[in-house]
Amino acid sequence: MDKIGSYEFMAEPFHCDFSGRLFMGHLGNHMLNAADFHSSARGFGMKYLMSIHRSWVLSRLAIEMIEMPSQYTKFNVETWVESAMRYFTSRNFAVIGTERSASGQTSDAKVYGYGRSIWAMIDTETRQPTDIYAIDNGAIDKWIVADKTCPIDKGGRVKMSDEAQLVRTVDTYYNDVDINGHINSVKYIEHVLDLWPLDWYREHHIRRFEIAYVAEAHDGDSLSFFREQTAGEEYCIRIVRTDGTECCRAKVFFT
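Residues numbered from 1 in each chain as written. Predicted model: local features only at pLDDT ≥ 70, side-chain atom pairs only at ≥ 80, totals over all residues. Heavy atoms only, no water.

(A) Structural context of the nonpolar core. Judged by nonpolar contacts, the single largest core of 58 residues is most densely connected at M24, L27, Y188, W196, F209 and I237. With 6 residues, the top contributor of residues to this core is helix α1 (residues 24-41). Apart from the residues within four sequence positions on either side, I237 is in contact with M160, V192, L195, W196, F225, F226, R227, C248, R249, A250 and V252. With 7 residues, the next largest nonpolar core counts A94, Y114, V145 and I152 among its residues. (Core = buried A, V, L, I, M, F, W, Y, C linked by side-chain atoms within 4.5 Å. Buried < 20%, exposed > 50% of the residue type's maximum accessible area, 1.4 Å probe, protein only. Helix = DSSP H or I, 4+ residues; strand = E, 2+ residues; numbered from the N terminus. Contact = heavy atoms within 4.5 Å.)

What follows is the structure, given as C-alpha cells:
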C-alpha cells in the first residue's frame, strides 16, 4: 500500500458559498475525512482506536489556498504522515484538481492549495494524551513520508494583545458536537469566518487559515470570540468558553 493516500471529493453546490466556491469549513471536513480514510486503511484509524478507548484529536491545522474549487469540480485530497513522536504526529495535505484527457486518463491539472496538521492521540476515558507508539508496536513509523514537500509555512503561536475586542458570543448545541463528545474542530472554523459580513467576502478572499486547539468545549458552552487586527489583512482570534478557559486561537490572512 502506498504511503501517500489520495481521495476524490467534489465541491457540491450546497457546500459552496455565494461565489460558487467551496466553503473553507467543508474543505476542512474533506481533509479530516481523508486523514481518517488514510489512517483506517493502515491500521490506526478512528474505528479501531475507539474500540480500545483511544481517539485522534486535532491539535493544529493550517490551510493555505491558491484558489478554492468551484461548484461541481472534482478534486483529490492527498495526505501523508510527515513525522511522528510519542504524543503528536504531523500530517500534511495537498488539494489537487483532476481532469480527464481525451484518452480518458486522469491527469493532475492544478494545485488548489495545501494543508498542515498536528494530531494527538488521547485516552477517551481520561481525556489525557497517550502514547502513539503503543499502537501496533509503533507501526505508524513505517508510513512516514519525510521527503515529500509541503511548501506552506507550518505556522506558529498566535500572538494577541489585551486590545482584542469581543465580537460575538455563540451558544453551542447538538450539531456542534462530534464523535469525541466535544465541539467539532470544523465548527470553530465556521464560527470564526462568520465574524466578517457577507460584503467583506465580496472584496476579500481567504488566503490562509490557521487554528490551534487548546482546550475542549462541550454542548451547552457559550463561546466568546475576541478579534484583533495584527497586520494589514491579518486577523487573530481568541475563543473562550463559558468558564473563561481559552479553547483555541486562530489567524486569518485575507487577500
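(B) Representation of unusual backbone geometry within the structure. Phi angles above zero are rare outside glycine, and H53 is one such case at about 60°. When you line up the elements, H53 lands in the loop between α2 (46-51) and β2 (54-65). Even without being a glycine, N137 presents a positive backbone phi close to 55°. Within the fold, N137 resides in the loop between β5 (106-123) and β6 (165-171).

(C) Structural context of the pairing of strand β7 (residues 206-213). Across the 8 residues that make up β7, a large majority, 7, are buried. Sheet topology places β2 next to β7; 5 bridges connect them, and they run antiparallel. Looking at β7, one finds that L61 is bridged to I211. Summarising the sheet, β7 and strand β10 (residues 246-254) pair through 7 bridges and their orientation is antiparallel. From the neighbouring strand, I206 faces β10, where its bridge partner is F254. (Pairing = 2+ DSSP bridges.)

(D) The arrangement of the packing of aromatic side chains in detail. Summed over all chains, the structure comprises 11 aromatic pairs. Ring plane angle 70° and centroid distance 5.0 Å describe the contact between W196 and F254, whose orientation is recorded as edge-to-face. With W196 in the loop between α3 (185-193) and α4 (198-203) and F254 in strand β10, the pair connects residues that are 58 residues apart, well separated along the chain. Judged by relative accessible area, which is 6%, W196 ranks as buried. Judged by relative accessible area, which is 5%, F254 ranks as buried. Considering the side-chain rings of W200 and Y235, the 6.0 Å spacing of their centres and the 85° angle between planes classify their relative orientation as edge-to-face. (Phe/Tyr/Trp six-rings, centres within 6.5 Å; stacked < 30°, edge-to-face > 60°.)

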